[in-house]
Amino acid sequence: MELRKFIKEAPFVVLDGAFGTNVLKKYPDNYDAIELFNFKDEELVYGIHKSYVDAGSDIIVTNTFSANAFKLFDKGYTVDETVKKALSIAKRTKAKYVGLDIGPLGRLLEPLGSMTYDEAYAAFKEIIVAGVKYGADLVYFETFSDLSELKAGVLAAKENSNLPVFATMTFEPNNKTFIGVSPAAAALTLEGLGVDAFGINCSSGPDTMLPLVEEIAAHVNIPIIVKANAGIPEFVDGKSVYKMTPDNYTSALCGLIDAGATFVGGCCGTDGEYVKAIKALLKTKSKIQRPLIKKTFVASQSKVTVIDDNVAVIGERLNPTGKPALKKALIEKSAEFLIAEARAQIEAGADIIDINAGLFEVNEAETLSFVIRQFNGIIDVPYCLDSSEKSALELAARHVCGLPLINSVNGKAHSLEAVLPIAKKYGAPLVCLLLDEDGIPKTVEDRIRIAKKIISSAEKYGIDREKLVFDCLTLTASAEQENVMNTLKAVRIIRDELGCNTILGLSNVSFGLPARDFMNSAFLSHALSAGLTAAILNPMSVSVMAAIDCYRVLCNKDRNAQKYIEKYKNYKKSGEAITASSASIEQEKTDGLVLAIVKGRKDETKNLTEEYIKDKNGLAIINDYLIPALDIVGGMYEKGAIFLPELLMSANAAKAAFEVVRERTPKAAESKGTILLATVFGDVHDIGKNIAKMLLNNYGYDVIDLGKDVPIDLILKTVREHNIKLVGLSALMTTTLNNMRDTIMEIRKISEAKIMVGGAVVTKENSRLIGADFYCKDAIDGVGVARKLL
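Residues numbered from 1 in each chain as written. Predicted model: local features only at pLDDT ≥ 70, side-chain atom pairs only at ≥ 80, totals over all residues. Heavy atoms only, no water.

## Remarks on the overall build of the protein chain
- Assigned secondary structure in the protein chain consists of 31 helices and 25 strands.
- The C-alpha atoms of the protein chain give 28 Å as radius of gyration, which agrees with the globular expectation for 790 residues (28 Å, within 12%).
- Once the C-alpha set of the protein chain is aligned to its principal axes, its extents read approximately 85 × 75 × 50 Å.
- Burial statistics for the protein chain: of 790 residues in total, 59% are counted as buried.
- Considering only contacts within the protein chain whose residues lie at least 6 apart along the sequence, 74% involve residues at least 24 apart.
- A total accessible area of about 31,500 Å² is found for the protein chain, and carbon and sulfur atoms account for 51% of it.
- Each charge class in the protein chain was averaged separately, 93 positive and 100 negative side chains, and the resulting centres sit 2 Å apart. (Helix = DSSP H or I, 4+ residues; strand = E, 2+ residues; numbered from the N terminus. Rg over C-alpha atoms; globule rule 2.2 N^0.38 Å. Buried < 20%, exposed > 50% of the residue type's maximum accessible area, 1.4 Å probe, protein only. Contact = heavy atoms within 4.5 Å. Areas by Shrake-Rupley, 256 points an atom, 1.4 Å probe, with all protein chains shown as cover. Lys, Arg positive; Asp, Glu negative; His and termini not counted. Charge placed at Lys NZ, Arg CZ, Asp CG, Glu CD.)

The following block contains the structure:
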C-alpha cells in the first residue's frame, strides 16, 4: 500500500525505537560515529532494525542520523555511500516502510552562527537525493531545535522528492526548544509546508510530554508523532541506564494518545520490547477524533497570533515611504536600527510586524530577505511580508522562521497567478486587496464580487478561506468622503456573510487632514464595530492603541480588564506615550551603556564605550557597566524572558565593548583566568559549547577551545601544558555520555582541575555519577562556576 494511503487509513502507526543506545549495548566504549557501524558491523545494524520489524513497527528509519557532509567529511565515507549502505541494510528486514533518517547538521544558522541558509539546504539536499536514488519510502527529520534549519531541510525534501515527510523536534523542560521554538509555532510552520506528520522526539520520557501534545493538537490538523526517551538516563556502575520499563513507558503514553498522538515509537533507551508493548497498547485504544482546526494563524518561532475578533495589531512603521532614517537603514543594511524599530512597535502593542523594503535603490528581494534573516529569533512576533514583487515574497517566505502573513494579492489575474502559488507552498495566510483591473471599486457590491473571485481562485489552489484576510481598502476622507463608509459596509458583509477575516490600513483615512490620530481613532472604532479583525497602524499612537485596548475590554476579550489596567494604571493626562511593558528596562532608568547591551545594540554599545572611556578607566567600565549588563541579560534568560538569539545579540554587543576597553586600556582587560572547553570524543555537536565560550570571553576569561569530537589525549595534553584550573566538557548525544565519564576519570589522574559539564543529555544527577564537580544546565551557569572558582 502506498504510504500516504496507509497513514491516512490506519488508526495508529507504530514507529521504531532507539538506535545509538542499542549499539552501545554491544560496544559500550565506542567512540565512533554510529553511522560507521553500517560498514563496521552490518549484522548489528540489521539486527536492531529487524528487532523493530519483528516487534511490529510499521515504519523503521535508517542509521543515517548524522550522515551529512559536515559530520562525515573526515570519516572515510561519502554521504551517498553511507545512505546507500544504510538503506540496503534496512530494506533487508522486509519492513513495511523504510524512512531516511536525518538529524541536525550540528551548526547554527546565520545570524547566530556561520552556516548560511543555502549551505544548510545544500547539505540536506545531498542526503535526500541519495535517499530517493536508493529507495527510501519517506524522509524523517528528527531531534531538531532550530526551526529555520528544519524548514531548510523540509524544503529540500519537498523540492527534490515526492516522498512523504515526517518531522520531530526536541523540547526543553520549559516547553521550548533550545533555540526558543514553541511546539505550536513549529507545528503551524511545518503543516504550512506540507509535512505529513509532526511531533516530539527525545527530550525526556513520555510522562512529561502531555502539554506539548496538547499544544500541537490545538493548532494543527496533521498527525502527531511521539517518540520519547525511556525516561532520563542514570549512571549505574559506570554505565548510562534508562530505568523506565516498557510497561511504565506505555502507561505514560496513554494520556498522549488520548490527547491526539497517533504515530508512536521510542527514542533513547528503548528497544524492541518497548515497541512490542506499544503495539499491544495501541490494539486496546481507539483513535480520538480531534476537532478540525480552522483558524487564521501566523507565527514567529516562539509566538503564535490568531487573527480573529480580538483584533490583531500590525505595526506599520517598517515601511520606508517618507522615512529617511529607515530608508538609509535599508540601503546600508543596518540591522541594529531595524531591530530597534521593530522592538519599539512590539513594546507599544504590535502583534505582527509589517516589513516593507520597496526602494528603487535596493534589490527588494535581497533586502527583504536580509531583514527577515536578521529578525528571525530576535523579533518574537510574526511578520507581515509587504511587497508587490513575486520574487521578494518568495524569497522572504522561504527565509521566515515561522508562518508569515503575505501582503498581498488582489483580484487581477496576474496577481492571483503570481501570489497564490507562494501562499500555497508555504501555507501562509494572505492579505487580499479588493481591487482588480478596473481599480478600486466605488460600490460595496463590486468589492464583494472581487472577494468572491479571490475565494474561488484560492480554492483552486487548495487554499481555504480561513487563510484569506480581506482588505476592503480604506479611502481618504479628505478626497472621497462620500464613499468612506462603503469600506465599513464591505467589512461587515465579508465578516458576516463570507465568514472571512478582514484587515484595513488605518492611516489612509486621515491623509491630508490635521490631527490625524483623532480621525484614525474614530474610523478604527467604527471598523471594529463592523467586524474588523486586523489593522495595519502605528502602534506608537496613544489614541489609536487606546481604541484597540478599550475595544478588547468592552468585547470581553481582555478578561477583567487585566491588561488594560496594567497598561494604563500610571497614565498621565499629558498623553505621553504608553507601552504595555511596564517593567521594561527603560522605565527602570537603566544606564545607557547597560541598556544598549541588554537590547543587543552592538554599534551603539561600541560608540557609548568609546565615549565612556574618555573619562572613566577601563576596569570601572567593565565592573560597573559591562558585567552588570550581562548579569541582567543572564537573569532574563534564566527566567525565560528572552531566548538564545537575544542572549547572543547581547553577548556580541558586550564583546564590542570589551574590544574597545582592551584596545584603549589593555591592563583593565587582563584575563581573569584560563578555561578549557571541549565537546567530548565521538560527539560532533558544539553549539552549546560555542555559546559558553562567547559568554566566558565576555566576562573576561581566556578560553582554550579544542572544538568538537576531541580525543582524551588532546584534552590531557592541554590541561598539563597550560596548567588549567577549570575544564568544561559538553555532550549532546546519549551515546557519548560514557566518553564524558572516561574523560573526567583521565583528567583526575593528572590534575586537580575542577570540571564542569553540560549538554542536552547531561543532568545534575548523572553529572555527579560521572564524577564532575559542577553541572551547568546552560552557558549562564558556566559563567557562575567560573566566577566562583577563578
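## Notes on the pairing of strand E15 (residues 383–386)
- Both faces of E15 are covered, namely the face carrying Tyr383 and Leu385 and the face carrying Cys384 and Asp386.
- Pairing of strand E14 (residues 352–356) with E15, which is carried by 4 bridges, proceeds in the parallel orientation. Residue Asp354 lies in a different strand from E15, and its bridge partner there is Cys384.
- Traced from E14 through helix H15 (residues 364–375) to E15, the parallel crossover comes out right-handed.
- Sheet analysis places E15 next to strand E16 (residues 405–410), joined by 3 bridges and oriented parallel. Looking at the pairing, Cys384 lines up with Leu405 of E16.
- The β-α-β motif built from E15, the intervening helix H16 (residues 390–399) and the parallel element E16 has right-handed crossover chirality. (Pairing = 2+ DSSP bridges. Right-handed = clockwise from strand over helix to strand, strands pointing away.)

## Here we look at the state of the cysteines
- A full pass over the atoms with the stated rule returns 0 disulfides.
- Not part of a disulfide, Cys268 finds its nearest cysteine sulfur in Cys202, a span of 4.0 Å.
- The exposure class of Cys268 is buried, given its relative accessible area of 13%.
- Cys550 supplies the cysteine sulfur nearest to Cys555, a cysteine that is in no disulfide, at a spacing of 11 Å.
- Judged by its relative accessible area of 35%, Cys555 falls in the partly exposed class. (Disulfide = S-S within 2.5 Å.)

## Notes on the packing of aromatic side chains
- Across all of its chains, the model carries 12 aromatic pairs by this definition.
- Ring plane angle 5° and centroid distance 3.7 Å describe the contact between Phe39 and Tyr77, whose orientation is recorded as stacked. You can see Phe39 sitting in helix H3 (residues 37–40) and its partner Tyr77 sitting in the loop between helix H5 (69–72) and helix H6 (79–91), a full 38 residues away along the chain.
- Here Phe375 and Tyr383 contribute two aromatic rings whose centre-to-centre distance is 6.1 Å and whose plane-to-plane angle is 65°, an arrangement assigned as edge-to-face. Here the two residues Phe375 and Tyr383 agree in accessibility, since each one is buried.
- Through a chain of ring-to-ring contacts, the aromatic side chains of Phe124, Phe141 and Phe144 assemble into a single cluster.
- Directly above the aromatic system of Phe37 lies the positively charged group of Lys40, at a separation of 4.6 Å from the ring centroid.
- When the ring centre of Tyr701 is taken as reference, the NZ or CZ atom of Lys672 above it lies at 5.9 Å. (Phe/Tyr/Trp six-rings, centres within 6.5 Å; stacked < 30°, edge-to-face > 60°. Lys NZ or Arg CZ within 6 Å of the ring centre and 35° of its normal.)

## Describing the pattern of salt bridges
- This model, assessed by the stated rule, comprises 44 salt bridges.
- In this structure, the salt-bridge partner of Arg317 is Glu341, at a minimum N-O distance of 2.6 Å. In this pair, Arg317 is assigned in strand E13 (residues 312–318) and Glu341 in helix H14 (residues 335–347), connecting sequence segments 24 residues apart.
- The shortest N-O distance in the salt bridge between Lys599 and Glu347 comes to 2.7 Å. With Lys599 in the loop between helix H23 (592–598) and helix H24 (602–612) and Glu347 in helix H14, this pair connects stretches of sequence that are 252 residues apart.
- Via salt bridges that share partners, Glu42, Glu43, Lys85 and Arg92 belong to a single interconnected network. (Salt bridge = Lys/Arg side-chain N within 4 Å of Asp/Glu carboxyl O.)

## Let's talk about the sheet that holds E16
- The 8 strands are arranged E13-E14-E15-E16-E17-E18-E19-E20 in a closed barrel whose pairing can be described as parallel. Ignoring which end each strand starts from, the neighbouring axes of this sheet average 30° apart.
- Inspection of the sheet shows E13 paired to E14 by 3 bridges, in the parallel sense. Across the sheet, residue Gly315 finds its bridge partner in E14, namely Ile353. (Axes fitted to C-alpha atoms, helices over the stretch in contact; angles between N-to-C directions.)

## A look at the environment of Ser415
- For Ser415, the location among the structural elements is in helix H17 (residues 413–426).
- On the basis of relative accessibility, which here comes to 8%, the residue Ser415 falls in the buried class.
- In this structure the C-alpha to C-alpha distance between Ser415 and Ser388, which are 27 residues apart in sequence, comes to 8.6 Å.
- Among the polar contacts made by the side chain of Ser415, one reaches the main-chain amide nitrogen of Asn410 at a distance of 3.1 Å. (Polar contact = N/O pair within 3.5 Å; in protein donor to acceptor, adjacent residues only side chain to side chain.)

## Focus on unusual backbone geometry
- One non-glycine residue, Ala515, lies in positive phi territory at about 45°.
- A relative accessible area of 48% places Ala515 in the partly exposed class.
- Its identity is not glycine, yet Asn556 carries a phi of approximately 65°, on the positive side.
- With respect to the element layout, Asn556 can be found in the loop between helix H21 (542–554) and helix H22 (562–568).
- Residue Asn556 is classed as partly exposed on the basis of its relative accessible area of 49%.

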